[in-house]
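# An overview of the molecular structure
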Amino acid sequence: MEMNATYNSFVAVGDSFTEGMSDLLPDGSYRGWADLLAARLAARTPGFRYANLAVRGKLIGQIVGEQVDLAAAMKADVVTLVGGLNDTLRPKCDMGRVRGLLEEAVERLAPSCGQLVLMRSPGRRGPVMERFRPRMEELFGYVDELAARHGALVVDLYGAEVLGDPRLWDLDRLHLTTEGHRRVAEAVWQALGLAPEEDWRAPLPPTVPPAWLARRIGDVRFARQHLGPWIGRRLTGRSSGDGRPAKRPELLPYLLGDDAPAAGPRS
């Protein structure tokens, strides 16, 4: 990538990871890495425009059906596409179908924008994720293939050991904290050829692991507040994103200090 390249517009496509959960703002809305990146790009480019079409809970088929054509029509300098991980976390997942839909998305987006950016999503270390890790790695292998064929960039968050640190994940164990999103924004910033401001892969300071009882209490709270409702939605075919609009559905100027408006209540 050209160092210190100029980008005038950015469109983000995806699910909760790109919407910004769980980087919570005081008003109850979410910010996230895409908003952080847009703010940094806007600070160096007058008239910079930004849209974020991502909605939590979306499967790759929904992303293709609801977001991809809109993003392609915007003809932005940068488009980020992160999707398919929600599919891999379902009890039953047709990976062939996921691959086909991801390919369809890339084939539509790559010719329509200046630079398409794909990602190998981060994965929290822990026993729950181990069950789904083979599917995730199959998905990421295909992301690499598509990027090579279509000239897209790949930001390898999965390969960054620090992003597996549980301290960078929210209580739901599915979404990054504010610090996690900040590091992702820096990773994409650098992938776009912009001068590094920090080492986003730097490990967190050493800490004393929590005691056994504290871990068990945390496990119980996680199961009651997050895992149970998540399983319930899977069994009933519902999604946390049902009925939610995109947080920034139009490609409009991004005003510095103007955080994205809330897309409904947090829960």
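Source: prediction; values computed, not measured.

Okay, the packing of helix α3 (residues 60–74) against helix α5 (residues 95–109) next. At a closest axis distance of 10 Å, the pairing of α3 and α5 adopts a crossing angle of 5°. Taken together, the axes of α3 and α5 are roughly parallel relative to one another. In this structure, α3 contributes I60, G61, V64, V68, D69, A71 and A72 to the contact, and α5 contributes V98, L101, L102, E104, A105, R108 and L109. Grouping the amino acids of the contact of α3 with α5 by side-chain chemistry returns ten nonpolar, one polar and three charged.

This next bit is on the confidence of the model for the protein. Looking at the protein as a whole, the pLDDT averages 87, with 82% of positions reaching at least 70. Across residues 260–267, where pLDDT falls below 50, the model places 21 contacts with residues more than four positions away in sequence or in other chains.

Here we take up the pattern of salt bridges. On inspection of all chains with the given rule, the structure shows 16 salt bridges. One salt bridge connects K247 with D35, and the closest N-O pair in it is separated by 3.2 Å. Residue K247 is located in the loop between α8 (212–236) and β6 (248–253), and its partner D35 is located in helix α2 (residues 33–44); the two are separated by 212 residues in the primary sequence. Across the pair, D35 and K247 agree in class, each one buried. The partner of E66 in a salt bridge is K58, with the nearest N and O atoms 3.2 Å apart. For K58, a relative accessible area of 8% translates into the label buried. Overlapping salt bridges bring together E179, R182, R183 and E198 as one network.

So, about the nonpolar core. One finds V11, L81, L116 and L118 to be the most contacted residues of the largest nonpolar core, which totals 40 residues. Listed by contribution, the elements that provide at least two residues to this core are β1 (9–14), α3, β3 (78–82), α5, β4 (115–120) and α6 (127–150). Sequence-distant contacts of L118, defined by excluding residues within four places in its chain, comprise L81, V106, V143, L146, A147, A152, L153, V154 and V155. Membership of the second largest hydrophobic core comes to 37 residues, among which are Y7, A160, A187 and L194.

The next thing to look at is the side chain of R56. Here R56 lies in the loop between β2 (49–52) and α3. At a separation of 2.6 Å, a polar atom in the side chain of R56 contacts the side chain of E19.

The subject of this paragraph is α5. A rise of 1.5 Å per residue sets the reference length of α5, with its 15 residues, at 21 Å; its end C-alpha atoms lie 21 Å apart and thus fit the reference within 8%. For α5, every residue scored as buried is listed here: M95, V98, L101, L102, A105, V106 and L109. Viewed end-on, α5 has its buried residues packed into an arc of 140°, placing them on one side of the element. N-capping of α5 is provided by D94, with a side-chain oxygen placed 3.1 Å from the backbone N of G96.

Turning our attention to the side chain of N86. Summarising the element assignment, N86 is placed in helix α4 (residues 85–88). Within polar-contact distance, the side chain of N86 engages the side chain of D15 at 3.4 Å. A distance of 3.0 Å separates the side chain of N86 from the backbone oxygen of K58, its partner in a polar contact. Once you skip the residues sitting within four places of it in the chain, N86 turns out to touch D15, G57, K58 and L59.

Parameters at a glance
- Residues numbered from 1 in each chain as written.
- Predicted model: local features only at pLDDT ≥ 70, side-chain atom pairs only at ≥ 80, totals over all residues.
- Heavy atoms only, no water.
- Axes fitted to C-alpha atoms, helices over the stretch in contact; angles between N-to-C directions.
- Helix = DSSP H or I, 4+ residues; strand = E, 2+ residues; numbered from the N terminus.
- Parallel < 35°, antiparallel > 145°, perpendicular 65-115°, else oblique.
- Contact = heavy atoms within 4.5 Å.
- Nonpolar A, V, L, I, M, F, W, Y, C, P; charged D, E, K, R; others polar.
- pLDDT = per-residue confidence, 0-100.
- Salt bridge = Lys/Arg side-chain N within 4 Å of Asp/Glu carboxyl O.
- Buried < 20%, exposed > 50% of the residue type's maximum accessible area, 1.4 Å probe, protein only.
- Core = buried A, V, L, I, M, F, W, Y, C linked by side-chain atoms within 4.5 Å.
- Polar contact = N/O pair within 3.5 Å; in protein donor to acceptor, adjacent residues only side chain to side chain.
- Expected span 1.5 Å × (residues − 1).
- Arc of directions from axis to C-beta.

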